[in-house]
Amino acid sequence: MIISDIRNYEQERHLWPPAVQRGIDYILSHSLGEAELGRYPLEGEGGDLMFANVQESVTRPTHEQMPESHAVYTDIQFLVSGEERLCFYKLHDDVKVVQNNFESHDIAFYELADTQLETDIILKPGMFAVCFPSDIHRPNCSVTAETTNKKIVVKIHKDLLKL
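Residues numbered from 1 in each chain as written. Predicted model: local features only at pLDDT ≥ 70, side-chain atom pairs only at ≥ 80, totals over all residues. Heavy atoms only, no water.

As annotated in an unreviewed UniProt entry, the protein carries the name DUF386 domain-containing protein and comes from Paenibacillus sp. SYP-B3998.

## Concerning a nonpolar patch on the surface
Side chains of Met 66, Val 98 and Leu 112 sit close together on the surface and give an oily, nonpolar patch of about 240 Å² of accessible area. By secondary structure assignment, the location of Met 66 is in the loop between β3 (50-58) and β4 (68-69). The partly exposed category is assigned to Met 66, whose relative accessible area is 33%. (Patch = residues over 30% accessible without salt bridge, like charges linked within 9 Å, V, L, I, M, F, W, Y side chains within 5 Å. Areas by Shrake-Rupley, 256 points an atom, 1.4 Å probe, with all protein chains shown as cover. Salt bridge = Lys/Arg side-chain N within 4 Å of Asp/Glu carboxyl O. Helix = DSSP H or I, 4+ residues; strand = E, 2+ residues; numbered from the N terminus. Buried < 20%, exposed > 50% of the residue type's maximum accessible area, 1.4 Å probe, protein only.)

## Quick look at the state of the cysteines
Under the counting rule described, the total for this entry stands at zero disulfides. Left without a disulfide partner, Cys 131 is nearest to the cysteine sulfur of Cys 87, which lies 11 Å away. A relative accessible area of 0% means that Cys 131 is categorised as buried. Residue Cys 141 stays outside any disulfide, its sulfur separated by 4.3 Å from that of Cys 87, the closest cysteine. (Disulfide = S-S within 2.5 Å.)

## Here's the deal with the pattern of salt bridges
If the charged atoms of two oppositely charged side chains come close together, the side chains can form a pair. Applying the stated criterion to the full structure yields twelve salt bridges. Asp 5 is the salt-bridge partner of Arg 7, the closest N and O atoms lying 2.9 Å from each other. Assessed through its relative accessible area of 66%, Arg 7 is described here as exposed. Salt-bridge contacts for Glu 10 lead to Arg 13; the nearest nitrogen and oxygen are separated by 3.9 Å. On the basis of relative accessible area, Glu 10 is assigned to the exposed category, the value being 57%.

Here it is in structure tokens:
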């Protein structure tokens, strides 16, 4: 997982995979924070290799959000407005899948784990988290109260991250 802020982007970008750099560059150069809600193709035919979802969602208490992971796509979760608690931990052999939708939607949901395994990050506007397939994450968790957030989620196909 990568956690950062656009204020640090120029100093840190050289440390990240080129596809992650392109995803952040696209968000910034195309003013996606001001874009209408919806899906925006970035790379590949129809955006099958990289695309951005501009979305609004209401945060919920942490215990109501199911941990999730993806097998094919890495997420860049870029917060435009609001605030969000993002909980995460590493995929390991003892996790229990409760809903496997990898084939149809590239997502699986997991049984709530021992929260001592989780790390919480508070995202503020301009911050982003990069969640790789080995990162189980719970996005859209409330910090203190429910808020409506605007967020951009860039999905990067695993083929773009191969060295």
